[in-house]
Amino acid sequence: MFGDLTVAENIAMPTWTCPNPRPAKERIVEAYKIFPQLERYRERGGQALSGGERKMVSIARALALGPKLLLLDEPTEGLSPTIVPSIVEGLSNIRAFGHAVFIAESNIHHVPDFTDRLYVIERGEIIFAGKPAEARRNPGCGPGHRGNRAIGASLIERAGRL
């Protein structure tokens, strides 16, 4: 997220620099459909946004590239709990548009319930594979075991697209 650019410029910038078979305008419109609340901030500078709004712009900007797979590292980390539902809703919207998303998340409670597959990794070894609800019921995946754990949540709607 570039603080000196407006929201609109931040989202449009990848379409200027990275060729893609999909028209730039189509990719920009889709980015605003993912996070519709950004519409009202189009002309606002990046430095005037909250942390959650900056996160939305960053994800929208990445989507404007037209990726087949979007990789997100702890997309809700450090955000106000009041903005987290907006980010999770945006991730759900990304799925609805048929994009594949892979999330690396260190806190199992931040993994969206609509995740297709969840892997819990400890010291480089997968110790759980399944749905988030199953992991939350599994004592080996609980809060007391977070020290050496990374949780990767794969939100892949249509893996065949990759």
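Report on the accompanying structure. Predicted model only: the values in this text are computed from it and were never measured.

This paragraph deals with unusual backbone geometry. Located in the positive-phi region is Glu 74, a residue other than glycine, with phi close to 45°. Structurally, Glu 74 is set in the loop between strand 1 (69-73) and helix 4 (84-96).

Inspection of the entire model under this criterion finds 2 cavities of 30 Å³ or more. Approximately 40 Å³ is the volume attributed to the largest cavity. Along the wall of the largest cavity there are 10 residues; nearest its centre are Pro 75, Ile 103, Glu 105, His 110 and Pro 112. Listed by contribution, the elements that provide at least two residues to the lining of the largest cavity are helix 4 and strand 2 (100-105). The residue makeup of the lining of the largest cavity, split by class, is 7 nonpolar, 2 polar and 1 charged.

Let us look at the environment of Ile 103. Structurally, the position occupied by Ile 103 is in strand 2. Each C-alpha atom of the pair Ile 103 and Leu 91 lies 9.9 Å from the other, and the pair is 12 residues apart in sequence.

Here the focus is the nonpolar core. Core analysis: the biggest nonpolar cluster contains 27 residues, and Val 7, Ile 11, Leu 38, Ile 59 and Ile 94 have the highest contact counts within it. Put simply, the parts of the chain that give this core at least two residues each are helix 1 (7-17), helix 2 (24-34), helix 3 (51-64), strand 1, helix 4 and strand 2. Per-element tally for this core: the top contributor is helix 3, with 6 residues. Not counting residues within four places of it along the chain, the set of residues in contact with Ile 94 comprises Ile 34, Ile 59, Leu 63, Leu 70, His 99 and Val 101. By size, the runner-up hydrophobic cluster in this structure holds 7 residues, among which are Ile 108, Val 111, Leu 118 and Phe 128.

To continue, consider helix 1. Those residues of helix 1 that fall on the buried side of the exposure criterion are Val 7, Asn 10, Ile 11, Ala 12, Pro 14 and Thr 15. Close packing links the buried residues of helix 1 with helix 2 and helix 3.

About the thresholds
- Once a new chain begins, its residue numbering starts again from 1 and follows that chain's sequence as written.
- In view of the model being predicted, local features appear only for residues whose pLDDT reaches at least 70, and side-chain atom pairs are presented and counted only at 80 or more, with totals across whole chains, interfaces and linings using the full set of residues.
- In computing side-chain values, all of the structure's heavy atoms are included and hydrogens and water are not.
- By definition, any uninterrupted DSSP run of H or I lasting at least four residues is a helix, any uninterrupted run of E lasting at least two residues is a strand, and each is numbered from the N terminus.
- Two kinds of site are reported from a 1 Å grid over the protein atoms alone, namely cavities, where a 1.4 Å probe fits but cannot get out, and pockets, open sets with protein on both sides within 12 Å along at least five of seven lines, and residues are called lining when an atom falls within 4 Å of a point.
- Grid points are joined across faces, edges and corners, and a volume is the space filled by probe spheres set on the points.
- All residues other than Ala, Val, Leu, Ile, Met, Phe, Trp, Tyr, Cys, Pro, Asp, Glu, Lys and Arg, Gly among them, are scored as polar; the first ten of these are nonpolar and the last four charged.
- Working definition of a nonpolar core: buried Ala, Val, Leu, Ile, Met, Phe, Trp, Tyr and Cys residues. They are joined through side-chain atoms within 4.5 Å.
- Relative accessibility under 20% of the residue-type maximum defines a buried residue, over 50% an exposed one, and the middle range a partly exposed one, all with a 1.4 Å probe and only protein chains included.
- Note on definitions: a residue-residue contact is assigned when non-hydrogen atoms from the two residues lie within 4.5 Å.

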